[in-house]
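Topology and contacts: notes
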Amino acid sequence: MASSTPNVPVPPSHKSVVVRSLTSTTPEERERILKDVEYNIFAFPAGLLTCDYLSDSGTSAMTDVQWAALMRGDESYGRNYGYYCLLDAFRDVFERGDNQKRVFREVVVGTADISFYRKKLLVPYQNGFVNGGLHQLERPNVFIVPQGRCAESLLFSTLVDVIMKEAQQESPPTPVILSNGFFDTTAANAAEAGFELQTFTQPGLGDLFPQDLIGKKNYFKGNIDLVETERYLSEHPGCVTMVLITITNNWAAAQPVSMANIRSVALLAKQAGVPIFFDACRFAENAYFISEYEEGYSKRTIPEIVQEMFSYVDGFTISLKKDGLANMGGVLCFRDKGLFAEKYPDIGFRLKERQILTYGNDSYGGVSGRDLMAAAAGLYEVIKKPYLRSRIAQVQLFAEKLLANGIAVLSPPGGHAVYLDMDMFFYDCDRKPDDFASVGFTLELIKDYGIRAFESGSFAWEWDKKSLIERQKIPNLVRFAVPRHVLSSEHIDYTVAAIKALYNRRHMIPNVQITRGEDIRLRHFQCGMKPVACKPES
Ligand SMILES: *Cc1c(COP(=O)(O)O)cnc(C)c1O
């Protein structure tokens, strides 16, 4: 990791000026609460935890600049100014590279007068992801929604309708989406809409990575498998609706995708006449990995890298709760006159109808005006290199401390989370995938230490419902997602010590049974469970 002197960590990128005190609870009290919530960790009250690694989604501490912007939020029904600020922030961040206009600043300080509106906010704009002025009315291509999954649902459900309406045959083939890895809500939304999903993660995610190379090298384990993608596209002409590249690859342990991989898969898709989209939730973190580890990018700025990444795609969905540093918001957009727009000429209007029907008028889409302002400001904060450097360094240091304590983690660590390798954790404990012992680990962690992590293995990925082939692709991990700007080294050290203590008594960690809701889609959010003590080995 970049630092000028060996053994000196990267400098901090921020300081705290507001703090939140934590409530203190005992293990007995937490055990009682666990029982009250049917041992579902999602249902455990956050206010009773010491460290919450459940998700980095919407849990970021915003910067003072974002709070300033938030105070200037406007809740008007038609065209609040957060709408214009967010749209132009998208153009700035995803298209303009280092030539950003940053119009939100004028709105924040209250100097946006009529001439500013006419010259900066209402100007016609086209051929990018965010049409402006009259072009956005004539060819709508950007859709604000409450969060990322709403963007997915809007896109996939509308797209299936359009495909089925246009189909010449009576029973057209099931449309397919190819990806380097579908996030759980993405997969569920696409499947619910009627798509078949094919996941082609580059092989080698679980391969050993030399510990001394952490922070020095990165193999971009989040890449899509180009050979499989090419094969599928040529063997199934006309069946693939889109290629969806998730950056960073949250299905594959938050591993980044390289620019070379993005460029190559975009070319494959183009040759096959298939639109390519990003699931862009952590675009800035992905850009940082490219700048640090990919040949030819060390001298390029983060905004330039982001600009190049997005130059290859026809559209994207994004949750602003991740790299937006915002607490709420999501967006779907597609390139004006790009391949997607060409293939589905009317889709902008269909998307807008559905957006208005389900979320709200297009200029807020279910997001409050103040959150739109916070997100607009946040997009500029997350592309700052010092922020990204300390962000990624914190996650890396967390992983290194675990490794130094003999705890196996998926290496190198990804962007927003550290993943414990639970096969290694329970290596001498004879736990089977449907014992759900990794869930047992997360329950013990809450009970004994007030720390919440997320099982991302046989339980969450529904091992028991999958085919033999699919089962082989399911990793056995527990995820510690690190919220942005929230935790200090003190929290990380406490967590490492707690994990180590549980590792030392791993034989006593209970297995877990599902007691209710086994068959609900995305069951991990709502089913009931109970720990079952496993017999200590003789
Ligand atoms: C979080 C996430 C989503 C969904 O976004 P929400 O805002 O939580 O609905 C989609 N894709 C990826 C990769 C994510 O990490």
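Read on for an overview of the structure. (Residues numbered from 1 in each chain as written. Predicted model: local features only at pLDDT ≥ 70, side-chain atom pairs only at ≥ 80, totals over all residues. Heavy atoms only, no water.)

1. Examining unusual backbone geometry
Using the following cut-off: Comment: elements are numbered from the N terminus, with helices defined as DSSP H or I runs of at least four residues and strands as E runs of at least two.
That bond from Ile247 to Thr248 is cis: its omega, -20 degrees, falls within 30 degrees of zero. Note on placement: Thr248 falls in the loop between strand 5 (240-246) and helix 10 (259-271). Cis peptide bonds are those with omega within 30 degrees of zero, and the linkage from Ser411 to Pro412 qualifies with -10 degrees. The residue Pro412 is located in the loop between helix 16 (385-404) and strand 9 (417-421) in this model. Of note, the phi angle at Asn127 is positive, near 75 degrees, even though the residue is not glycine. The residue Asn127 is located in the loop between helix 5 (114-121) and helix 6 (134-138) in this model.

2. Examining the nonpolar core
Here is the rule we go by: We call a set of buried Ala, Val, Leu, Ile, Met, Phe, Trp, Tyr and Cys residues a nonpolar core when their side-chain atoms join them within 4.5 Å. Note on exposure labels: buried denotes an accessible area under 20% of the residue type's maximum, exposed denotes more than 50%, and partly exposed covers the range between, all computed with a 1.4 Å probe on protein chains only. Contacts are assigned to residue pairs with any non-hydrogen atoms lying within 4.5 Å of each other.
Residues Phe90, Phe94, Phe283 and Phe310 are the most contacted members of the largest nonpolar core, which totals 77 residues. Looking at this core element by element, the count peaks at 10 residues for helix 3 (residues 81-95). Once residues within four sequence positions are removed from consideration, Phe90 is found in contact with Glu95, Val130, Phe316, Ile318, Leu320, Val331, Cys333 and Leu379. In this structure, Tyr53, Met422, Val482 and Tyr503 belong to the second largest nonpolar core, which totals 34 residues.

3. Quick notes on the sheet that holds strand 5
Heads up, the rule is: Two strands pair under a simple rule: DSSP has to find at least two bridges between them. Note on method: axes are straight lines fitted to C-alpha atoms, helices fitted across the in-contact stretch only, with angles between N-to-C directions ranging 0 to 180 degrees.
Spatially, the 7 strands line up as an open sheet ordered 2-8-7-6-5-3-4, and their pairing is mixed. Every other strand in the sheet has two partners, leaving strand 2 (142-145) and strand 4 (196-199) as the edge strands with one partner each. Direction aside, neighbouring strands of the sheet carry axes that sit 20 degrees apart on average. Of the pairings in the sheet, the one linking strand 6 (residues 276-279) to strand 7 (residues 315-319) comprises 3 bridges and is parallel in character. Within strand 7, the position partnered with Phe277 by the bridge is Gly315.

4. Remarks on the pairing of strand 6
We apply this condition: When the strands point away from the viewer, a crossover counts as right-handed if the route from the first strand across the helix to the second turns clockwise.
The alternating pattern of strand 6 places Ile276 and Phe278 and Phe277 and Asp279 on opposite faces, both of which are buried. The pairing of strand 5 with strand 6 spans 4 bridges and is parallel. Its bridge partner lying in strand 6, Ile245 is registered against Phe278. Once you follow strand 5 into helix 10 and on to strand 6, the crossover reads as right-handed.

5. Let's talk about the site of the ligand
In plain terms, the rule: Whether a residue is near a molecule or strand depends on its heavy atoms: it is near if one of them lies within 4 Å of it. N or O atoms closer than or at 3.5 Å make up a polar contact, with two conditions inside protein: a donor-capable atom paired with an acceptor-capable one, and, for residues adjacent in sequence, both atoms drawn from side chains. For the accessible areas, the method is Shrake-Rupley and the probe is 1.4 Å, while residue cover comes only from the protein chains on display. In the scheme used here, Gly and all other residues not listed as nonpolar or charged are polar, with Ala, Val, Leu, Ile, Met, Phe, Trp, Tyr, Cys and Pro taken as nonpolar and Asp, Glu, Lys and Arg as charged.
Near the ligand there are 16 residues, and of these Gln147, Arg149, Asp279, Ser319 and Lys322 occur at the shortest range. Between the ligand and Gln147 there is a distance of 2.8 Å, counted from an oxygen atom to a side-chain nitrogen or oxygen. In the model, an oxygen atom of the ligand is placed 2.6 Å from a nitrogen or oxygen of the Ser319 side chain. Taking 380 Å² as the accessible area of the ligand by itself, protein coverage stands at 98%. Counting only elements with at least two residues in the shell around the ligand, the list comes to helix 7 (148-166) and helix 8 (184-193). Ranked by residues supplied to the shell around the ligand, first place goes to helix 7 with 3 residues. Across the shell around the ligand, the residue classes tally to 2 nonpolar, 8 polar and 6 charged.

6. Concerning helix 15 (residues 369-381)
At 3.6 residues per turn, the α-helix brings residues three or four places apart onto the same side. We count it as follows: Multiply 1.5 Å by the residue count of a helix minus one, and that product is the helix's expected span.
Between its first and last C-alpha, helix 15 extends 19 Å over 13 residues, near the 18 Å set by a 1.5 Å rise per residue. Looking at helix 15, one finds that the buried residues are Gly369, Asp371, Leu372, Met373, Ala374, Ala375, Ala376, Ala377, Gly378, Leu379, Tyr380 and Glu381. Buried positions along helix 15 lie against helix 2 (64-71), helix 3, helix 4 (104-109), strand 2, helix 11 (283-293) and helix 16.

7. Considerations on empty space enclosed by the protein
What counts here: A pocket here means an open set of points on a 1 Å grid, computed over the protein atoms alone, that has protein on both sides within 12 Å along at least five of seven lines. A cavity is instead a set of points where a 1.4 Å probe fits but cannot get out; residues with an atom within 4 Å of a point line either one. Grid points are joined across faces, edges and corners, and a volume is the space filled by probe spheres set on the points.
Here the structure, examined in full by the defined rule, presents 3 cavities of 30 Å³ or more. In this structure, the largest cavity encloses a volume near 70 Å³. Tyr39, Asn40, Ile41, Phe42, Val439, Thr442, Phe454, Glu455, Phe459, His524 and Met529 are the residues that line the largest cavity. A breakdown of the residues in the lining of the largest cavity according to their chemical character gives 7 nonpolar, 3 polar and 1 charged. The computed volume of the second largest cavity comes to approximately 60 Å³. Along the wall of the second largest cavity there are 11 residues; nearest its centre are Phe289, Tyr293, Ile392, Gln396 and Pro413. Elements that contribute at least two residues to the lining of the second largest cavity include exactly helix 11 and helix 16. A per-class count over the lining of the second largest cavity returns 7 nonpolar, 4 polar and no charged.

8. Some points on the side chain of Thr246
With respect to the element layout, Thr246 can be found in strand 5. A relative accessible area of 3% places Thr246 in the buried class. Of the polar contacts made by the side chain of Thr246, one reaches the backbone oxygen of Gly181; its length is 2.6 Å. Excluding residues that lie within four positions of it along the chain, Thr246 makes contacts with Ser179, Asn180, Gly181, Val257 and Asp279.

9. Notes on the pairing of strand 8 (residues 330-334)
Counting buried positions along strand 8 yields 5 of 5 residues, so the element is predominantly enclosed. Every second residue of strand 8 is oriented toward a common face, with Gly330, Leu332 and Phe334 on one face and Val331 and Cys333 on the other, all of them buried. Judged from the 5 bridges that link them, strand 7 and strand 8 form a sheet pairing that is antiparallel. Each residue of the ladder has a partner; that of Ile318, found in strand 8, is Val331.

10. Brief notes about the state of the cysteines
Where two cysteines share a covalent bond between their sulfur atoms, that bond is called a disulfide. Put simply, the rule is: Any pair of cysteine sulfurs within 2.5 Å is marked as a disulfide.
The final tally for this structure, using the stated rule, is 0 disulfides. Cys281 takes part in no disulfide bond, and the closest cysteine sulfur, belonging to Cys150, lies 12 Å away. We classify Cys281 as buried; its relative accessible area is 11%.

11. What about the packing of aromatic side chains?
As a reminder of what qualifies: Each Phe, Tyr or Trp ring, with Trp reduced to its six-membered ring, pairs with another whose centre is within 6.5 Å; inter-plane angles below 30 degrees give stacked pairs, above 60 give edge-to-face pairs, and intermediate values give tilted ones. Sitting over a ring, as applied to charges here, requires NZ of Lys or CZ of Arg to be within 6 Å of the ring centre and within 35 degrees of the ring normal.
Scanning all chains against the criterion turns up 32 aromatic pairs. Over the ring of Tyr125 we find Arg91; its NZ or CZ atom is 4.6 Å from the centre of that ring. The ring of Trp463 has Arg471 lying over it, and the distance from NZ or CZ to the ring centre is 3.8 Å.

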